[in-house]
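Structural overview for review
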Amino acid sequence: VSVHRDTVLYAGVDIGGTNTRVGFVSENGTIVVDTAFETMAHDPVEGFVRRLASAVQEMCGAFPSRTVVRGVGVAAPAANPRTGGLEDPANFAWGNVPLVALLEDALELPVSLLNDGDAAVLGEVRYGVARGMRDVVVITLGTGLGAGIMVNGALLQGAHGAAGEVGHTTLVPGGRMCGCGQRGCAEAYVSAPGLIRTTLELLAERHETSALRDVPSQDLQAHIIAHHAAKGDPVALAALTATGTHLGRVLVNVIQVFDPEAVVLCGGLVKAGAPLIDHAFSTVHEIVPARYGEKVRLLVSSLNSGEAAILGATSAMRDSRLRPNGIAARAGNE
Ligand SMILES: [Zn+2]
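Residues numbered from 1 in each chain as written. Predicted model: local features only at pLDDT ≥ 70, side-chain atom pairs only at ≥ 80, totals over all residues. Heavy atoms only, no water.

1. Comments concerning the confidence of the model for the protein chain
For the protein chain, per-residue confidence averages 90 on the pLDDT scale, and residues scoring 70 or more make up 93% of the total. Taken element by element, the protein chain is modelled with least confidence in helix H8 (residues 290–293), mean pLDDT 68, and with most confidence in helix H4 (residues 192–205), mean pLDDT 97. Of the regions scoring below 50 in pLDDT, residues 320–334 engages in 37 contacts with residues more than four places distant in sequence or in other chains. (pLDDT = per-residue confidence, 0-100. Helix = DSSP H or I, 4+ residues; strand = E, 2+ residues; numbered from the N terminus. Contact = heavy atoms within 4.5 Å.)

This is the structure in structure tokens:
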């Protein structure tokens, strides 16, 4: 008599300001299938919930029989794991949203919610370049700038579930308007939209020829800037360098406050590559005293964009030892 065991999967969802990624993860932490769709963060959340539900159901429909999906771990910005809600995330028009309740109704599966930075640090510590570390800061660089902070092996969530919002610390007093309503936040400079704003300012200020002058400003994207920087375009290089220097200052503040074993950079903007990352790391080495700075490892994630958050969100749901207190789930999440 042969005994067939069910294949157990968990769905992980990484909600970003631009794209949302969905991955199904096996019990040993392998992403067996994934997809992505546009978040459309400026449209009502109800449409997003419908598109996510149909993506999940379409993927489930392709699984062989005896595949069991146990639940959905979601990583999102401004997520409060204690309430299961999003609290007016910057760059989204959703306001305060009871996301766990909306998704459980639409998916008919237990749903747990983590802040995207917290999910990323869990993913890196369990499956990525920070494997086994206990004091780590993961910086997520994309449409926004966030962080996940692990202190002595535990997630730092703060008294209100809002720790790690490095993107909304002040980098340039009186500087650019940020999506959160304040001026001079780090995220207004160190993010894909921040890089684009810096590039447009440099194009206006400087007179060198640049291939970027042929790109209509509304079509300018981070990957286009990175592409031209790699070909030696001076304005593209200057924009990445300036963004890297700003990021370096953010990393210095994080290192001075938390004294981590490592800082890990992950997210879509990390693909902008060498000039941005090199200048961030060299800024850290210039500012942090050498004897101390050399002890803190500066790392770039080895996982693809969104993978760390998907792995972290599903591992938090699966592993109660890693799950912080009070992740909201209404049923079945033992
Ligand atoms: Zn802000």
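2. Considering the pairing of strand S10 (residues 145–151)
With 6 of its 7 residues buried, S10 lies for the most part within the structure. Across 6 bridges, the pairing between strand S9 (residues 136–141) and S10 is antiparallel. Bridge assignment links Val136 to a residue of S10, and that residue is Met150. As consecutive antiparallel partners, S9 and S10 are separated by 3 residues. (Buried < 20%, exposed > 50% of the residue type's maximum accessible area, 1.4 Å probe, protein only. Pairing = 2+ DSSP bridges.)

3. As for the pattern of salt bridges
Scanning the model with the defined rule gives 3 salt bridges in all. Asp6 is the salt-bridge partner of Arg66, the closest N and O atoms lying 3.1 Å from each other. Of this pair, Arg66 sits in the loop between helix H1 (45–61) and strand S4 (67–76) while Asp6 sits in the segment before strand S1 (7–15), and the two are 60 residues apart along the sequence. Notably, a salt bridge pairs Glu208 with Arg206, separated by 2.7 Å at the nearest N-O pair. (Salt bridge = Lys/Arg side-chain N within 4 Å of Asp/Glu carboxyl O.)

4. What about the pairing of strand S3 (residues 31–38)?
Along a regular strand, successive side chains alternate from one face of the sheet to the other. As paired elements, strand S2 (residues 19–26) and S3 share 7 bridges and run antiparallel to each other. Opposite Arg21, over in S3, you have Ala36 as the bridge partner.

5. Regarding the side chain of Asn80
Tracing the backbone through its elements, the reader meets Asn80 in strand S5 (residues 79–80). Within polar-contact distance, the side chain of Asn80 engages the side chain of Glu87 at 3.0 Å. Not counting chain neighbours up to four residues away, the residues in contact with Asn80 comprise Gly85, Glu87, Leu113 and His160. (Polar contact = N/O pair within 3.5 Å; in protein donor to acceptor, adjacent residues only side chain to side chain.)

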